[in-house]
Amino acid sequence: MKERNKHIVRIVGVNFCRFLLAAVFTFSGFVKVIDPLGFQYKIEEYLTAFGMASWIPSFFPLWIGIALSVLELSTGLLLFLGIRRIISSTLALLIMLFMTPLSLYLLIFNPVTDCGCFGDAWVLTHGETFVKNLILLAATLPVFRWRKDIIRFLTPGTEWLVSMYILIFGVSLSVYCLNHLPVLDFRPYSIGQNIPEGMTIPEGAHPNVYETVFILEKDGKRQEFSLDNYPDSTWTFIDSRTTLKVKGYEPPIHDFALIEATTGEDITEEILTDNGYTFLLIVHRTEQADDSNIDLINEIYDYSVEHKYAFYCLTASSEEEIALWRDRTGAEYPFCRADGTTLKTIIRSNPGLLLLKNGTILNKWSDEDLPDEYVLSAPLEDLPIGRPKAVDESRIIGNVCLWFFLPLCLVLLLDLLIVRRREWRIPPKSEAGKYDKNE
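Residues numbered from 1 in each chain as written. Predicted model: local features only at pLDDT ≥ 70, side-chain atom pairs only at ≥ 80, totals over all residues. Heavy atoms only, no water.

### Description of a nonpolar patch on the surface
So, point 1. Taken together, the side chains of Phe 50, Leu 104, Tyr 105, Leu 107, Ile 108 and Phe 109 present a nonpolar region at the surface, about 550 Å² in accessible area.
So, point 2. You can see Leu 107 is positioned in helix 4 (residues 85-109).
So, point 3. Residue classification places Leu 107 among the partly exposed positions, given a relative accessible area of 37%. (Patch = residues over 30% accessible without salt bridge, like charges linked within 9 Å, V, L, I, M, F, W, Y side chains within 5 Å. Areas by Shrake-Rupley, 256 points an atom, 1.4 Å probe, with all protein chains shown as cover. Salt bridge = Lys/Arg side-chain N within 4 Å of Asp/Glu carboxyl O. Helix = DSSP H or I, 4+ residues; strand = E, 2+ residues; numbered from the N terminus. Buried < 20%, exposed > 50% of the residue type's maximum accessible area, 1.4 Å probe, protein only.)

Here it is as structure tokens:
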């Protein structure tokens, strides 16, 4: 009886740890799968911090990011379903054996702003990340040691099919969000957000103090300037950087500043307080941007001119790169300079398009989903896209779950009606060692 009670306690404990790991890995993998570019930027931040950025091909961070996020999501789902128990428990242990020392290093040396383990959905401090990883590492040990006590929800006969489906689903969802935009936007520039409100600091709170430095060149001499002493247009813009000088309360939006490229004038307030419509074309770096839909972008600019809507292109590129972009694309719209990290945060597309009115983001489009002449068939006041786009996050999550679980339920039905029915007809002894090698 005593041994039986120990066995029951062990099964309960192992499966509790298994579900804890499944929940964390699934959530962490999902928020990175739907934001592949965000995970790419975080990997690039790590590589830069460790001095490895110059060693790695430019395509590597994106594709390794997709692979790692799909692997993490798959590990969580496999643990939840209780299938591929050797593979899933081993992967969970290896991931935590790598992440726990890394989080300790981040806690001590602080080379990056945050670990990025939950993307933008839930930002943890380095201390919180380390404690979280210690708990998860402790949970992986009994799961790995007594993996045969994990209760499975599928028979071994169909687990290979479900495993392949999970991988295909994860890759497909990530590629879809890469070509369009993340299905869920956890950033402060999501549709419906008012940028001035996101920049507001509560009464009595002390704000962060930032310093934006502009690097410009004239007559072969480079010099750094601030917003207070920004020079005339005879200087050539090279780069900019924003650094934190004094830590204080940090509003969700703290680095949104737009500098008119030709005059050097700060037009941030002018754009954010405009009661009319404003199109913002976001081109992080013109030298890296996709120009396959540039004719459509130029048509949108012509539409804005016709209806007297403001249109600006925001970029972190130099004057030379902007000039090359103009020559290559025939762009006639005005340019503004902004911080490159801010532009990547605003929209996960290069280029991408925003529609603002009185500082509120009404809509966002990736390069693949830009509105065409059939959508822009009248003034914005008379069109659905001229009104705030309704974003129902619960419905989006429901749709993603439906796309995942509906085919999975068909597999489970197949498992119930065919595989299990066949196993019931076979004496248990004959099946005794059939799947042991897969465990």
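### Quick look at the packing of aromatic side chains
To describe a pair of aromatic rings, you give the distance between the ring centres and the angle between the ring planes.
So, point 1. Counting across every chain of the model gives 22 aromatic pairs.
So, point 2. Here Tyr 189 and Phe 256 contribute two aromatic rings whose centre-to-centre distance is 6.2 Å and whose plane-to-plane angle is 40°, an arrangement assigned as tilted. Residue Tyr 189 is located in the loop between helix 6 (156-179) and helix 7 (195-198), and its partner Phe 256 is located in the loop between strand 3 (236-246) and strand 4 (259-260); the two are separated by 67 residues in the primary sequence.
So, point 3. Overall, Tyr 189 belongs to the buried group, its relative accessible area being 2%.
So, point 4. The exposure class assigned to Phe 256 is buried, which follows from its relative accessible area of 5%.
So, point 5. With a centroid separation of 5.5 Å and an interplanar angle of 80°, the aromatic rings of Tyr 277 and Tyr 309 are classed as edge-to-face. Within this pair, whereas Tyr 277 is found in strand 5 (residues 277-283), its partner Tyr 309 is found in the loop between helix 9 (294-306) and strand 6 (310-315), the two being separated by 32 residues in sequence. Each member of the pair, Tyr 277 as well as Tyr 309, is classed as buried. (Phe/Tyr/Trp six-rings, centres within 6.5 Å; stacked < 30°, edge-to-face > 60°.)

### What about the state of the cysteines?
So, point 1. Applying the stated criterion to the full structure yields 0 disulfides.
So, point 2. For Cys 336, which is in no disulfide, the shortest distance to another cysteine sulfur is to Cys 313 and amounts to 8.6 Å.
So, point 3. Using a relative accessible area of 0% as the deciding quantity, one classes Cys 336 as buried. (Disulfide = S-S within 2.5 Å.)

Just geometry here; none of it tells us what the structure is for.
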